[in-house]
Amino acid sequence: MNYRWDWGILLKDPYFSWIASGFGWTCAVAILAWIIALSLGSVIGVMRTLPHPVPRAIGTAYVELFRNIPLLVQLFLWYFVVPEVLPREAGMFLKRGLPMPEFWTAVVCLGFYTGARVAEQVRAGINAIRSGQRQAALAMGLTLTQVYRYVLVPVSYRIIIPPLTSDFLGVFKNSSLALTIGVAELTARSRQIEEYTFQGIEAFATATVLYSVVTFAVMALMHMTEKRTRIPGLISLEAK
Amino acid sequence: MIRTFRTALAAAAIVLAGALPALAQESPTLKKIKASGEISIGHREASVPFAFMDQAGKPQGYSVDLCLKIVDEVKKELNLPNLKVKFVAINAQTRIPLIANGTIDLECGSTTSNLTRAKQVDFLPVTFITGSKLLVKKGSGIKSLADMNGKRASVSSGTTNEKAFLAEVEKRKIKVETVMVKDHPQAMLNLESGRVDAYASDDVLLYGMISTAKDPGQWEVVGEFFSYDPYSLMIPRNDSEYRLLATRTISDLMRSGEMASIYNKWFNPGPTKINMPLSSDLKKAFEIQALPH
């Protein structure tokens, strides 16, 4: 294979601004999806640990549904199928009415998918707390809501920070699938540069570096959060 | 002992190399084909009627027929009547890298010959002439690109149409939201679901899409050409011997008139009823490129 290297291409316009805007869209998709995932995942995760069977069943159904379908299939379902099964008006809104429908479809899809994973982490975190704590809190006269609000949730979140980091990183990496429905994020832009200039190796190497930068930043952020929120004598980080 | 073995091996290699036809030595592609007993052809899957799948899932079409003619010539040249043909499915994004890295030896699809691409691959003589137009739903009110202001359009990423469309939109200072798609079927899905108002591609491919659509009467191709796209088959770069062989095959087809009959088989009216008789431009192009021996 005779390849002609040309790193300078990445500094030329429009390629430089393509990479920059692609990076911006990647971060936008990932961060918004993560906000959805974290809020939805927390609610579903808590539901799966409640004593009442109905919320438990709903939570389980949600997790099984969103965890067991490949992400790419989910993306196509959200993009191609959901607007068609909705009433005509609502479908058209999803397809045309929204500004940037592809972007929001990707955000929602990624958020719901990652939400199922976050829910499992939250459930695992709550279940990891010895049942004595829950019983003690109830015995002190706290209501169930208070037990969750003041005892179970704050402690379980501290326990699950390390596994949550993986999901936070995953949301950035999975955001690259958005290109299949036409979101011009980082990977899509790298491909476009390859198609215009055939300098694919340079474009994808740059994308790799940018993905690494953002994932290292996430790791640092999560590590900092873990350190700052730890309760002495409770979390495994203390042992280090 | 080892030394004598090595000497013998070297001697055997020299003798063998001498025995091979001179041509196969000079052309890296032909050498590779000879060594593996197999030629890899890259084909598009939904570029009707250039390269698309038949009911049994086998690639067929105008470009595929031309490629098979070149394969026949390679068989003759290398004296390999049982040369195996391996079909590799490609798309707009993979076609050039796969030729450049040697995965496929010949590309038969619907590829516009241009100078940027020629930095990575070689193009054979022009075998079809088309240009970019818009596919829209009948009654959409869109008659040309000028009517696209404020509308949404799909373009296939990695195509010359994408470039031409974006450049034209910029030149006319109109606002068009573009949605990138991977291939023609995805573009059709976007059109059918009403997600976009138009799809910009080569007019012949648009007619091909209409001919295979669920409801052909519903669609129309509109506007003036906003780019000019001569199609060629692609081969690896820096391989003059192989290029000569392939060019000769195509030239011979053009001179003998066989090219026109292959054309008629696929386009006039063609198995998909595309119904595009040989244009005078293309007829002239065939005549000019039928180089004498």
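Look up: the structure comes first, before these words.
Residues numbered from 1 in each chain as written. Chains lettered and ligands numbered in written order. Predicted model: local features only at pLDDT ≥ 70, side-chain atom pairs only at ≥ 80, totals over all residues. Heavy atoms only, no water.

1. Thoughts on the nonpolar core
Grouped together as the largest cluster of nonpolar side chains are 62 residues, with contacts concentrated most on A:V171, A:F172, B:L135 and B:Y199. Considering each element in turn, this core owes the most residues, eleven residues, to helix α5 (residues 101-128) of chain A. When neighbours within four sequence positions are excluded, B:L135 is seen to be in contact with B:M188, B:L191, B:D197, B:A198, B:Y199, B:L206, B:M209, B:I210, B:W219, B:E220 and B:V221. Within the second largest apolar cluster, 44 residues are counted, among which are B:L30, B:L66, B:L233 and B:M254. (Core = buried A, V, L, I, M, F, W, Y, C linked by side-chain atoms within 4.5 Å. Buried < 20%, exposed > 50% of the residue type's maximum accessible area, 1.4 Å probe, protein only. Helix = DSSP H or I, 4+ residues; strand = E, 2+ residues; numbered from the N terminus. Contact = heavy atoms within 4.5 Å.)

2. Points about the pairing of strand β7 (residues 121-137) of chain B
Residue and element names in this part refer to chain B. In terms of residue burial, β7 counts as a mostly covered element, since 15 of its 17 residues are buried. Direction of pairing for β7 relative to strand β12 (residues 228-236): antiparallel, over a ladder of eight bridges. Paired with V126 across the bridge in β12 is S232. Pairing analysis gives five bridges linking β7 to strand β10 (residues 198-202), with the strands arranged antiparallel. Across the sheet, the residue bridging to L134 is A200, located in β10. (Pairing = 2+ DSSP bridges.)

3. Topic: the state of the cysteines
Residue and element names in this part refer to chain A. Per the stated rule, a full pass over the model turns up zero disulfides over all chains. No disulfide involves C109; its nearest neighbouring cysteine sulfur is the one of C27, lying 19 Å away. Here C109 falls in the buried class, since its relative accessible area comes to 1%. (Disulfide = S-S within 2.5 Å.)

4. Focus: helix α9 (residues 240-256) of chain B
Residue and element names in this part refer to chain B. Along its 17 residues, α9 runs 24 Å from first to last C-alpha, staying within 8% of the 24 Å computed at 1.5 Å per residue. Among the residues of α9, Y242, L245, A246, T247, T249, I250, S251, L253 and M254 are the ones counted as buried. Immediately beyond the C-terminal end of α9, within one or two residues, lies G257, with a positive phi of roughly 90 degrees. (Expected span 1.5 Å × (residues − 1).)

The quantities given are spatial measurements derived from coordinates; they are silent on function.
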